[in-house]
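The chain contents come next:
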Amino acid sequence: MKVLIIGGGGREHALAHAMSSSPMLTELLATPGNPGISALARCLDCPDETTLFAAIKDEAVDLVVIGPEAPLVDGMADRLNAAGVAVFGPSQKAAMLEGSKAFARAFCDRHHIPQPSWREFTDSHEAIAYINAHPAEGHVIKADGLAAGKGVVVADTKAEAITAITNMLDDQQFGEAGASILIEERISGVEASLFAMADGNHAIMIGTAQDYKRALDGDKGPNTGGMGAVSPAPALDANPHLTDQAWREVVENVIHGMKAEGMPYQGFLYVGLMITDDGPKVIEFNCRFGDPEAEVILPRLESDLLSAIVAATKSQLHQTALQFKPGAAVTVVMANGGYPGPISPGGVITGLAEDEITNSMVFHAGTQMTEGKIIAAGGRVLAVTGWGEDQASARQTAYARVKKINWPDVYYRKDIAR
Ligand code: AMP
Ligand code: GLY
């Protein structure tokens, strides 16, 4: 079959890599893709949805896999389905689990899914009055809609909470996405993420991971899209009972609840958890695979990802089981210095062809091909994954591969999985 991947980051490179060896595949396409993906797939240039739909028709694409959240939350899966194209990725309604944090929280309440307490506000006076009435508790202020990962403020003080509220509600820091905000109870524990594939009726686990969100070593500096990841997530791996509990209390209730409410969830489901003293609680849902979590989880997959995706589009996931290499994987993100702030892109990357490090993979996140050279073009540039019998050997392999790669402005964390 002919498969088209939508997206062009490290996650989509990892998806392309996992699908490229499938016996079901006749040709892999991607749009926009990137220089890494172009070694595995023919990349199409589709500047808008009209050209995209025309390309899907001209190329007789059998299946579309949507990587990023923006087109999912925008309803691309519904429009593809309406055009008779098979697609892996949730409908617009189902993608609300990521697209609206208030929707996700209210849904969890309806289905008794463990989570912090929360309130929704659209009026800053009411929100500030709430903070004043509950001064001692820690608060987390969140824009309701998509804010490119920047819409969450974990407030240490009352003043920080109030600033976040006025930034979002009065100064429209996130535009429409912050026209409504949540004030959540601040919970504490260790964070871990759980990834599922769902077909509307049934879900199977695809792995667990812990990502490193802060830019600098020692979990310092600003929040980023993720500077590295380890799989399995240490907090869940240490206690298999917790994974079972999270699966039963969260994933199964999401799948049953979404189906019962008439918006069956089909696609990857990313569950961000806090492992608290009272058990796992939901921090957030994403309606897609994580990035760099896809790059750390998928290299250990031994089963055919495309077969599982096809099964999901036919509501046959209950007949599917995924096999993984034993051990662990570690991904180190190589970024341009300054990320997530301003960067100086354009450095020529060397050392990419190095293949003497076995059990490793380099995924392209923000690269460009210019005059035959691979350029460091984005904030996050590469995601370098190593795997091995345990986390320590996976980390060693990942960093050994990282050390072969260079460009003038390269920056990466030295403490991933340490
Ligand atoms: P999110 O974008 O929802 O993943 O939030 C970003 C980060 O904020 C999470 O990874 C957590 O570290 C933190 N966070 C979000 N919600 C809460 C909460 N209710 N309590 C404590 N920390 C939170
Ligand atoms: N690494 C976090 C995310 O994909 O949202």
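Per chain, the residues get numbers from 1 upward, laid out in the order the sequence is written. Whichever chain is written first becomes A and whichever ligand is written first becomes 1, with later ones labelled in order. Predicted model: local features are reported for residues with pLDDT of at least 70 only, side-chain atom pairs are reported and counted for 80 or more only, and whole-chain, interface and lining totals are derived from all residues. Side-chain numbers come from the whole structure's heavy atoms, not from hydrogens or water.

## Here's the deal with the site of ligand 1
Basically, it comes down to this: Any residue with at least one heavy atom within 4 Å of a molecule or strand is counted as near it. Within 3.5 Å is the distance limit for a polar contact, defined as a pair of N or O atoms, with the added protein rule that one can donate a hydrogen and the other accept it, and that residues adjacent in sequence qualify only through two side-chain atoms. Values of accessible area rely on a 1.4 Å probe in the Shrake-Rupley scheme; residue burial ignores everything except the protein chains shown. For the purposes of this entry, the term helix denotes a DSSP run of H or I that reaches at least four residues, the term strand denotes a run of E that reaches at least two, and both are numbered from the N terminus. Side-chain classes are defined by residue name, with Ala, Val, Leu, Ile, Met, Phe, Trp, Tyr, Cys and Pro counting as nonpolar, Asp, Glu, Lys and Arg as charged, and the others, Gly among them, as polar.
Not every one of the 15 residues close to ligand 1 is listed here, only the nearest: K142, I187, E191, K213 and E284. K142 is positioned with one of its side-chain polar atoms (N or O) 2.9 Å from a nitrogen atom of ligand 1. Burial of ligand 1 by the protein chains amounts to 88% of its free accessible area of 480 Å². Counting only elements with at least two residues in the shell around ligand 1, the list comes to strand 7 (139-143), strand 8 (152-155), strand 9 (181-185) and strand 16 (279-286). Considered class by class, the residues forming the shell around ligand 1 number seven nonpolar, no polar and eight charged.

## Things to note about empty space enclosed by the protein
Short version of the rule: The way it works is a 1 Å grid over only the protein atoms, where trapped points that fit a 1.4 Å probe form a cavity and open points with protein on both sides within 12 Å along at least five of seven lines form a pocket, and then any residue with an atom within 4 Å of a point lines it. Grid points are joined across faces, edges and corners, and a volume is the space filled by probe spheres set on the points.
Following the criterion strictly, the structure yields one cavity of 30 Å³ or more and no others. Considered as a void within the structure, the largest cavity measures approximately 100 Å³ in volume. Considered class by class, the residues forming the lining of the largest cavity number six nonpolar, no polar and six charged.

## Points about the environment of Q396
Our working definition: For each residue, the accessible area found with a 1.4 Å probe, counting protein chains only, is set against the maximum for its type, and the residue is called buried under 20%, exposed over 50%, and partly exposed in between.
Counting through the fold element by element, Q396 comes out in helix 13 (residues 391-404). Judged by its relative accessible area of 59%, Q396 falls in the exposed class. For Q396 and V330, which are 66 residues apart along the polypeptide, the C-alpha to C-alpha distance reads 8.9 Å.

## Some details on the layout of surface pockets
The calculated volume of the second largest pocket comes to roughly 220 Å³. Lining the second largest pocket are 14 residues, and of these M205, G207, T208, P232 and D237 lie nearest its centre. Contributions of two or more residues to the lining of the second largest pocket are made by strand 11 (203-211), helix 9 (234-237) and helix 10 (240-260). With four residues, the top contributor of residues to the lining of the second largest pocket is strand 11. Split by residue class, the lining of the second largest pocket holds eight nonpolar, four polar and two charged.

## Some words on the side chain of N336
For the record, the criterion: We call two residues contacting when some pair of their heavy atoms lies within 4.5 Å.
With respect to the secondary-structure elements, N336 resides in strand 17 (residues 328-336). Overall, N336 belongs to the buried group, its relative accessible area being 0%. A distance of 3.2 Å separates a polar atom in the side chain of N336 from the backbone oxygen of A376. Here G378 takes part through its backbone oxygen, which lies 2.9 Å from a polar atom of the side chain of N336. Leave out the neighbours within four places in its chain, and N336 touches I343, S344, P345, A376, A377, G378, G379, V381, W407 and D409.

## Here's the deal with the environment of C287
Within the secondary structure layout, C287 lies in the loop between strand 16 and helix 11 (293-297). Put simply, C287 and G378 are 91 residues apart on the chain and 23 Å apart in space, counted from C-alpha to C-alpha.

## Points about the site of ligand 2
In the vicinity of ligand 2, the contacting residues are D211, G225, Y270, N286, R288, G290, D291, P292 and E293. G225 places a main-chain nitrogen or oxygen 2.9 Å from a nitrogen atom of ligand 2. Alone, ligand 2 offers 200 Å² of accessible surface; in the complex the protein occludes 86% of this. Here the shell around ligand 2 is composed, by residue class, of two nonpolar, three polar and four charged.

## Overview of unusual backbone geometry
Residues D291 and P292 are joined by a peptide bond in cis, for which omega reads 25 degrees. Examined against the element boundaries, P292 turns out to sit in the loop between strand 16 and helix 11. Following Y339, the chain continues into P340 via a peptide bond in cis, with omega recorded as 10 degrees. For P340, the position within the fold is in the loop between strand 17 and strand 18 (347-348). Phi at E371 is positive, roughly 50 degrees, even though this residue is not glycine. With respect to the helices and strands, E371 occurs in the loop between strand 20 (367-370) and strand 21 (373-376).

## So, helix 2 (residues 49-58)
We count it as follows: Starting at the helix axis, one direction is taken to each C-beta atom, and the arc is that of these directions.
Inspection of helix 2 places L52, A55 and I56 among the buried residues, and these make up the whole buried set. The buried residues of helix 2 occupy one face: seen down the axis, they fall within an arc of 100 degrees. Opposite its buried face, helix 2 presents the exposed residues T50, K57 and D58, each directed more than 90 degrees away. For helix 2, the secondary structure elements touched by its buried residues are strand 1 (2-7), strand 2 (27-32), strand 4 (63-66) and helix 4 (76-82). Capping the start of helix 2 is the job of one residue whose side-chain oxygen sits 3.2 Å from the backbone nitrogen of T50: D48. Two residues or fewer past helix 2, A60 is found with a positive phi of approximately 50 degrees.

## What to know about the pairing of strand 16
Filter applied, for reference: Paired strands, in this sense, are two strands between which DSSP finds at least two bridges.
By the criterion of burial, strand 16 is predominantly enclosed, with six of the eight residues buried. A loop of two residues connects strand 15 (residues 266-276) with strand 16, the two strands running antiparallel in sequence.

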